[in-house]
Amino acid sequence: MKYSYYPGCTLKTKAQELEKFALDSARELGVTLDEQKDWQCCGAVYPMGKDEVATKLSSVRSLAAARDKGEKLVTLCSACHHVIKRVNDDMKNDSAIREKVNNYLELEKSYSGEGEVIHFLEMLRDDIGFDKLAEKVTNPLKGRRIGAYYGCLLLRPNREMNFDDAENPVIIENFIAALGAEPVKYLYRTECCGGYLVTDNKAVTDEMTENIVRSAAMNKVEEIVTACPLCKYNLEESGEAGNKNIGVSYFTELLAEALGVK
């Protein structure tokens, strides 16, 4: 299986482990992730203004490039996935945005949202299958109680993201189970970590992340896994992960460990 791959900026700087273990695991699974040439930052935050198209252009370039190769576009970072997926929805369903973007980009073939962007976790679930993934595990993570932390961006808004049930998702729990560990659900696993509030109102982020980690601790979670670099940062820096003895990891680290490539 071969995919176009969009890494995003953070995976080349502060979140290199998220990418490294994904690429190592993909090779072990017989998957080729072909990094796109000349990709540009997605903007990190989906622009809410209806007349704002400039910050959507880089996403459309990546989507169109994958479309032209006949490949799905795979993402890893929750923020990148959120932005690109929603921009793709705009190009498919908003004729005004579609016309403005195509007029600006002047692509050889105009883009109308016909490409497909999927998260690495969706690739594991839908294209490989968690049953097949379990068969590839050489180092099962038996006896470990692991809690998924989804946060906001993978799940919401539900119609546009179409990732899993926004209120009661199971994709990461099923992923954890496929690796041989025990998935543990807890109350705040789909609540916001505070996001970018950490830059100007850290007290709010502290309170939000403490609720998340405290909830995990009450359910005897030993480790939290996430797909979002900002969530990981906030849970480690603003939450109670340190004094509750709960580690915070990227889901790709677990995958690489279970596949024996970490």
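I will try to describe carefully the structure that is included in this document. (Residues numbered from 1 in each chain as written. Predicted model: local features only at pLDDT ≥ 70, side-chain atom pairs only at ≥ 80, totals over all residues. Heavy atoms only, no water.)

1. A closer look at the overall build of the chain
Rules: Helix and strand assignments come from DSSP, with helices taken as H or I runs of at least 4 residues and strands as E runs of at least 2, each series counted from the N terminus. The atom set for the radius of gyration is the C-alpha atoms, and the globule formula is 2.2 Å times the number of residues raised to the power 0.38. Any two residues having at least one pair of non-hydrogen atoms within 4.5 Å are treated as being in contact. The Shrake-Rupley method, run with a 1.4 Å probe, gives the accessible areas here. Residue values count only the displayed protein chains as cover. Charge convention: Lys and Arg are scored as positive, Asp and Glu as negative, and His as well as the terminal groups of each chain are ignored. A single reference atom marks each charge: NZ on Lys, CZ on Arg, CG on Asp, CD on Glu.
Secondary structure summary: the chain contains 11 helices and eight strands in total. For 262 residues, the compact-globule estimate of 2.2 N^0.38 gives 18 Å, and the C-alpha radius of gyration of the chain, at 18 Å, lies within 12% of that figure. For the chain, the C-alpha atoms occupy an extent of roughly 55 × 45 × 30 Å along the three principal directions. Across the chain, the fraction of contacts at a sequence separation of at least 24, relative to all contacts at a separation of at least 6, is 76%. Of the roughly 11,900 Å² that the chain leaves accessible, carbon and sulfur atoms contribute 47%. The chain carries 34 positive and 42 negative side-chain charges, and their two centres are separated by 2 Å.

2. Quick look at the packing of helix α2 (residues 57-69) against helix α3 (residues 78-93)
Put simply, the rule reads: The axes are straight lines fitted to the C-alpha atoms, using for helices just the contacting stretch, and the angles between their N-to-C directions are given from 0 to 180°. By the definition adopted for this analysis, an angle is roughly parallel if under 35 degrees, roughly antiparallel if over 145, roughly perpendicular if from 65 to 115, and oblique otherwise. Throughout this entry, Asp, Glu, Lys and Arg are counted as charged residues, while Ala, Val, Leu, Ile, Met, Phe, Trp, Tyr, Cys and Pro are counted as nonpolar. The remaining residues, Gly among them, count as polar.
Between α2 and α3, the least distance of the axes is 9 Å, while the angle of their chain directions is 80°. When the axes of α2 and α3 are compared, the pair comes out roughly perpendicular. The segment α2 lies against α3, with Ser 59, Val 60 and Leu 63 engaging Val 83, Ile 84, Val 87, Asn 88 and Met 91. A per-class count over the contact of α2 with α3 returns six nonpolar, two polar and no charged.

3. Details of the pattern of salt bridges
Note the cut-off: We define a salt bridge as a contact between a side-chain nitrogen of Lys or Arg and a carboxyl oxygen of Asp or Glu at a distance within 4 Å.
In total, this model carries 22 salt bridges according to the counting rule given. As a salt-bridge pair, Asp 24 and Lys 20 come within 2.7 Å of each other at their nearest N and O atoms. With a gap of four residues between them, Asp 24 and Lys 20 both fall in helix α1 (residues 16-28), about one helical turn apart. Note that Arg 27 is salt-bridged to Asp 24, the shortest N-O span being 2.5 Å. Taken together, the residues span about one helical turn, with Arg 27 and Asp 24 both in helix α1 at a distance of three residues.

4. Quick look at the packing of aromatic side chains
Heads up, the condition is: We call Phe, Tyr and Trp rings a pair once their centres come within 6.5 Å, taking the six-membered ring for Trp, and we label the pair stacked below 30 degrees between planes, edge-to-face above 60, and tilted otherwise. For each residue, the accessible area found with a 1.4 Å probe, counting protein chains only, is set against the maximum for its type, and the residue is called buried under 20%, exposed over 50%, and partly exposed in between. In this analysis the charged atom, NZ for Lys or CZ for Arg, is taken to sit over a ring once it is within 6 Å of the ring centre and within 35 degrees of the ring normal.
Per the counting criterion, the structure on display carries four aromatic pairs. Centre to centre, the rings of Phe 120 and Phe 251 are 6.0 Å apart; their planes meet at 55°, and the pair counts as tilted. Note that Phe 120 is positioned in helix α5 (residues 120-128) and Phe 251 in helix α11 (residues 251-259), a separation of 131 residues in sequence. You can call Phe 120 buried: its relative accessible area is 0%. Take Phe 251: its relative accessible area is 1%, and that puts it in the buried class. Of the aromatic side chains, those joined through ring pairs into one cluster are Phe 120, Phe 130, Phe 175 and Phe 251. Sitting above the plane of the Tyr 250 ring, Lys 232 keeps its charged end 5.1 Å from the centroid. Above the ring of Phe 21, the side-chain terminus of Lys 262 is found at 5.4 Å from the ring centroid.

5. Here's the deal with unusual backbone geometry
At the junction of Arg 156 and Pro 157, the peptide bond is cis and its omega measures out at -5° in the coordinates. By secondary structure assignment, the location of Pro 157 is in the loop between β5 (145-148) and α7 (158-161). Its identity as a non-glycine residue notwithstanding, Asn 162 has a phi of 50°, on the positive side. Residue position: Asn 162 is located in the loop between α7 and α8 (171-178).

As far as function goes, none of this settles anything; it's purely spatial.
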